[in-house]
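Letter by letter, the chains look like this.
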Amino acid sequence: MSSANRVLRDRHAARPSLLYAIKQVELVVRAHLDELLKPSGVTALQYTALTVLQRRDGLSSSAELARNSFVTPQAMADLVAGLERRGLIRRDRDPHNRRRLLLSLTDAGRVLLAEHESAVRALEEQMVTELNLTEREAFADYLNRCRAALAVEPPH
């Protein structure tokens with residue numbers, strides 16, 4: 001084996017896996033978000049669910065919200081109940097199908113998101129501060145393509 005190949009192999013072996021790096025970024029982001037949101041009494045997971053409803057108001061189920069918020073349907077049921085008790089979301093009957101409940105943000109939920117918007121954007125800016133505009137756009141594209149590639153249900 002040539003010395004150049006050995007250097008590449010050793011460099012690759014010393015680098016953590018991509019999945020490990022992604023998980024580490026997620027954990028750091030979540031810790032920062034939890035700290036930012038602590039005064040409001042909302043967790044990073046609850047905040048994520050609220051932002052999903054902000055983009056997709058009127059979701060038809062907790063399971064659908066769970067898929068978009070990256071938690072299990074069981075965990076989402078408890079999360080939705082807590083957000084509803086706090087008056088941040090509401091469940092209304094679907095006028096087209098009375099058996100379905102639609103999940104929506106309340107005014108209080110919108111206010112909470114607005115209050116934290118600049119701090120969350122600042123955290124995002126801090127995360128990508130070492131990237132130029134082209135790299136940021138590429139990074140966002142890469143992440144979205146990776147997410148799409150894994151969007152199918154995991155094997156059981």
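**With respect to the overall build of the protein**
A tally of helices and strands in the protein yields seven helices and two strands. Seen in sequence order, the protein has helices and strands lined up from the N terminus as α-α-α-α-α-β-β-α-α. For the protein, the proportion of its 156 residues judged to be buried stands at 25%. Looking at the protein alone, contacts between residues at least 24 apart form 46% of all its contacts between residues at least 6 apart. Within the structure as shown, the protein displays about 11,300 Å² of accessible surface, and the carbon and sulfur contribution to it stands at 57%.

**Description of the confidence of the model for the protein**
Mean pLDDT for the protein: 85, with 83% of residues reaching 70 or above. Put simply, helix α1 (residues 3-14) is where the protein has its lowest mean pLDDT, 63, and helix α6 (residues 107-127) is where it has its highest, 96.

**A short note on helix α7 (residues 133-149)**
Between its first and last C-alpha, α7 extends 24 Å over 17 residues, near the 24 Å set by a 1.5 Å rise per residue. Here α7 starts with a cap whose side-chain oxygen sits 3.0 Å from the backbone nitrogen of Thr-134, and that cap is Asn-132.

**Remarks on the pattern of salt bridges**
Scanning the entire structure with this criterion turns up eight salt bridges. With its nearest N and O atoms 3.0 Å apart, the salt bridge here joins Glu-26 to Lys-23. You can see Glu-26 and its partner Lys-23 sitting in helix α2 (residues 18-37), three residues apart, about one turn around the helix. Look at Glu-26 and you get partly exposed, because its relative accessible area is 37%. Arg-145 is the salt-bridge partner of Asp-141, the closest N and O atoms lying 2.6 Å from each other.

**A short note on the packing of α2 against α6**
Two elements in contact, α2 and α6, have axes whose closest approach is 11 Å; the angle formed by their N-to-C orientations is 150 degrees. Regarding the angle of α2 to α6, the classification is roughly antiparallel. For the element pair α2 and α6, the recorded crossing hand is right-handed. Side by side, α2 and α6 meet where Val-25, Val-29, His-32, Leu-33, Leu-36 and Leu-37 of the first sit next to His-116, Ala-119, Val-120, Leu-123 and Met-127 of the second. Class assignment for the residues of the contact of α2 with α6 results in nine nonpolar, two polar and no charged.

**A closer look at the side chain of Gln-46**
Tracing the chain through its elements places Gln-46 in helix α3 (residues 44-55). Excluding its chain neighbours within four sequence positions, the residues that come into contact with Gln-46 are Gly-41, Leu-79 and Leu-83.

**Thoughts on the pairing of strand β1 (residues 89-94)**
The pairing of β1 with strand β2 (residues 97-105) spans six bridges and is classified as antiparallel. If you follow Ile-89 over to β2, its bridge partner there is Leu-105. The turn linking β1 back onto β2 is made up of two residues.

**Section: the side chain of Thr-51**
Among the structural elements, Thr-51 can be located in helix α3. Take Thr-51: its relative accessible area is 15%, and that puts it in the buried class. Of the polar contacts made by the side chain of Thr-51, one reaches the backbone oxygen of Thr-48; its length is 2.7 Å.

What counts and how
- Once a new chain begins, its residue numbering starts again from 1 and follows that chain's sequence as written.
- Per-residue local features are limited, in this predicted model, to residues with pLDDT of at least 70; the limit for side-chain atom pairs, both in listing and counting, is 80 or more; totals at the level of whole chains, interfaces and linings are taken over all residues.
- Side-chain numbers come from the whole structure's heavy atoms, not from hydrogens or water.
- Here a helix means four or more residues in a row that DSSP labels H or I, a strand means two or more in a row labelled E, and each is numbered from the N terminus.
- Buried residues are those whose accessible area, probed at 1.4 Å on protein chains only, stays under 20% of the maximum for their type, while exposed residues exceed 50% and partly exposed ones sit between those limits.
- Here a residue-residue contact requires only that any non-hydrogen atoms of the pair lie within 4.5 Å.
- What sets the accessible areas is the Shrake-Rupley method with a 1.4 Å probe; for residues, cover comes only from the shown protein chains.
- A score from 0 to 100, pLDDT tells how confident the predictor is in each residue.
- How far a helix is expected to stretch is found by multiplying one less than its residue total by 1.5 Å.
- Whenever a nitrogen or oxygen atom comes within 3.5 Å of another N or O atom, the pair is scored as a polar contact, on the condition that within protein one atom can donate a hydrogen and the other can accept it, and that pairs from neighbouring residues in sequence are kept only if both atoms are in side chains.
- Take a side-chain nitrogen of Lys or Arg and a carboxyl oxygen of Asp or Glu: if they are within 4 Å of each other, that pair is a salt bridge.
- Note on definitions: angles span 0 to 180 degrees between N-to-C directions of axes, and those axes are lines fitted to C-alpha atoms, for helices only across the stretch in contact.
- Orientation labels follow simple angle bins: below 35 degrees gives roughly parallel, above 145 gives roughly antiparallel, 65 to 115 gives roughly perpendicular, and whatever is left gives oblique.
- By the definition used in this description, the sense in which the near helix is turned from the far one sets the handedness, with an anticlockwise turn below a right angle giving left-handed and a clockwise turn giving right-handed.
- Residues were grouped as follows: Ala, Val, Leu, Ile, Met, Phe, Trp, Tyr, Cys and Pro as nonpolar; Asp, Glu, Lys and Arg as charged; and all remaining residues, including Gly, as polar.
- Note on pairing: DSSP must find at least two bridges between two strands before they are called paired.

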